[in-house]
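# Survey of secondary and tertiary structure
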Amino acid sequence: MGPRAGEVAPLHGRGVLVSLGLALLVWLTVPCSGPQAEGFSHGGLDASRADLWASANTSLLQGFWCQPARQLSRDQLSALIRRMASQQVPLKAWQLSCLANLAAWHSLQGDFPFHPADLLLFYNLTQVREADCQAFIRHAAQGDTELLANLPDQRAALRHAAMACLGGPRPQLSASDLLLLGILVCDMDASSIVASDPRVLQNLQRCPRLTTTQQAALNTLLASGRTRLGPPNSWNLEGLQTLGRLATYISPGLWVQVQEAVGLDFFSSMVAACRAGQLSQRDTRRFVTGFLEAKAASSRPKRGTGRHCIRGDITAATLRDDLFLVRYDCSQLESCLGSHVLRANLDPLLQHPLPTECQRVVKAKLAQIYPRGIPEEQLRRITSLAYLYSRAEIGQWNITSRDTVVALLASDVALENQTEAVLQKFLDHNGTVTSALLVAIGGSRLCWMSPPQIRAIRPSEFRLAGALDISSCPQSRKDVLYAKAREAFGSTRTTATYYHLMRPYLGGAPVEELQHLAQENVSMDIDTFTNLNPRVLQSLSVGNVTTLLGQNVGDLQKARSHPTISSWLRSLNSSALGELGLDTDPIGPTHPARPTTVTPNTTPWAPHLAPTSGRPGNDAPTSGSPPANLGYLPLAVALPSSLLWLLYRGACTTSHHLRPPGRWSPEHPFCAPR
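Residues numbered from 1 in each chain as written. Predicted model: local features only at pLDDT ≥ 70, side-chain atom pairs only at ≥ 80, totals over all residues. Heavy atoms only, no water.

## A few points about the side chain of R155
If you trace the backbone, R155 turns up in helix 9 (residues 152–165). Classification of R155 as buried rests on a relative accessible area of 17%. For R155, the side chain forms a polar contact with the side chain of D187, separated by 2.8 Å. Residue contacts for R155: discarding those within four places in its chain leaves T145, E146, L148 and D187. (Helix = DSSP H or I, 4+ residues; strand = E, 2+ residues; numbered from the N terminus. Buried < 20%, exposed > 50% of the residue type's maximum accessible area, 1.4 Å probe, protein only. Polar contact = N/O pair within 3.5 Å; in protein donor to acceptor, adjacent residues only side chain to side chain. Contact = heavy atoms within 4.5 Å.)

Printed below as a string of structure tokens:
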């Protein structure tokens, strides 16, 4: 679980003092209003502690957010980004998109070799020099393109930029081409995979999933014998193991051609990996289903199909055999598994990646053993079967322990009905939904809680749970969760902190909330923007959106094919599109994004060079421009002295006293009006 609201992760110093400005940035990257963490006194940050900047651990850097980072000088931001790269800090899309824009503002994109690969995915590709093209793509292709899920045009532009680096599309990709393309191969079509150098298998191993056509292409390539494995009848155990997860996509038609001893050895190794937690149940089940289908087709005589036990009674020793599913098909499982053995050996049985048909056999046998409902101690063992149970069947269970709820819902198999029903049984036995439970089951489970269950969560527990990812929730649940978040965070005293805490739940925000946030210059990131309520977005004017996104407005170009964005853009005329720096021709995910030619204050693609002096007075940022820059003075000098006072008086609960007279301005983003 991340730091509590107001709680800073502990730091372990190295004994070197840090400038006050850098300490302030790190301290402000975590929400405030909770108990002090190690290294933080009641009066604020103990500046005598170690160099927070140089020694900040991965956990602390994961709490990065852009509003405080706007105050950094070029050198300080560069140091932060390099630190993130050296520590391999895993950041989320909402953090990376705005960080990329800050880097562009400070003209740091040219230092890409020293930046995290994930960050490169969000950079303005039109600003990559031709001489750097291949080096940039090679580094970016080591990142996780799933982070671009809400930026389809950026993902398409990245693919087109990569092909441009190779001199344009080509009928066959060589081994050196594939080395350059890395994970970008995961977006290739089936024909390109089949025609590529066989080393394409190494690229495909990085893909989180393969489409149906890509799976067919993989099997075509494997069947051709052009890979290092050779033709299927010559495959060996070592060669199959080099395929990793790709082996789970091998078709039954190919398994029939593999030598039986080799296939059985590999089957045993895959099941062992699954039981050891090294391979997911889902991947293993896909492999097992295909392998057993091939085995059934090639077996002579046919395996037992009646209700008689042909293979012998199943014992505890039988269940320890990694080839158990090869020796006992689902009909034999039904005939040969006795109630006593099942009751005593439920764990080892369910550690096997049972096909769905076999899971139903086990469920039916459990119903015979426990006609009045499965005992709670056994419920924790049937997580892989949870999706098979109806609300009525779950109604027979007794769930009194938080651990039981976590066991049933923390897996990825329980569905909507199971989530609500399981939680209700727990609540019926005087259980409460705590922050620890919310974190354990994950934000996606909130999507399937009933509205009354969500409303029953105590605001204090919701606050302690931190940021929960509810992006996959239906709109009706987002609306309820937004209301709950408002209840939990509505009393936050500064706009900056309020926005930071509310950001994950703004998908349910009404138009009035978004208009208010726009007025407060929060510079919403594009990832959060794409998750807003599409109907609410239709009520926002171009001016609202421009101000709401602030320095991130140019990212609309990267997401214009996203359903939420494209729907809003279609409602605009060509003049409005021009105000946003977008041309009037739609750019779909199959076409690269094009640079615009409008002036730098609105263009989404032109680099923003950091000025050498601060802007005058209280001028708000121009639409689409980065926030006012404080030049290259050290942060401790550049920041207002009232903010530095936070280091010594630092609780966020007093930060409203720091607001200077007059209207809130970008120079004081942490002291917004209450």
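## A look at the packing of aromatic side chains
Taken as a whole and assessed by the stated rule, the structure comprises 13 aromatic pairs. The interplanar angle of 50 degrees and the centroid separation of 5.1 Å between the aromatic rings of F462 and Y505 together place this pair among those described as tilted. Of this pair, F462 sits in helix 30 (residues 459–464) while Y505 is found in the loop between helix 32 (495–502) and helix 33 (511–519), placing the two residues 43 residues apart along the sequence. In this pair, the class of F462 matches that of Y505, namely buried. The lysine or arginine in question, R286, covers the ring of Y249, its NZ or CZ lying 4.1 Å from the ring centre. (Phe/Tyr/Trp six-rings, centres within 6.5 Å; stacked < 30°, edge-to-face > 60°. Lys NZ or Arg CZ within 6 Å of the ring centre and 35° of its normal.)

## Things to note about the nonpolar core
Core analysis: the largest hydrophobic core is formed by 180 residues, its most contacted members being F267, V362, L366, I382, W397, F529 and L556. Other than its neighbours up to four places away in sequence, I382 contacts L346, L350, L366, I374, Y389, W397 and L408. (Core = buried A, V, L, I, M, F, W, Y, C linked by side-chain atoms within 4.5 Å.)

## A look at helix 8 (residues 133–140)
Taken together, the buried positions of helix 8 are C133, F136, I137 and A140. Summarising the axial view, the buried residues of helix 8 lie within an arc of 95 degrees, below the 170-degree limit, and thus occupy one face. (Arc of directions from axis to C-beta.)

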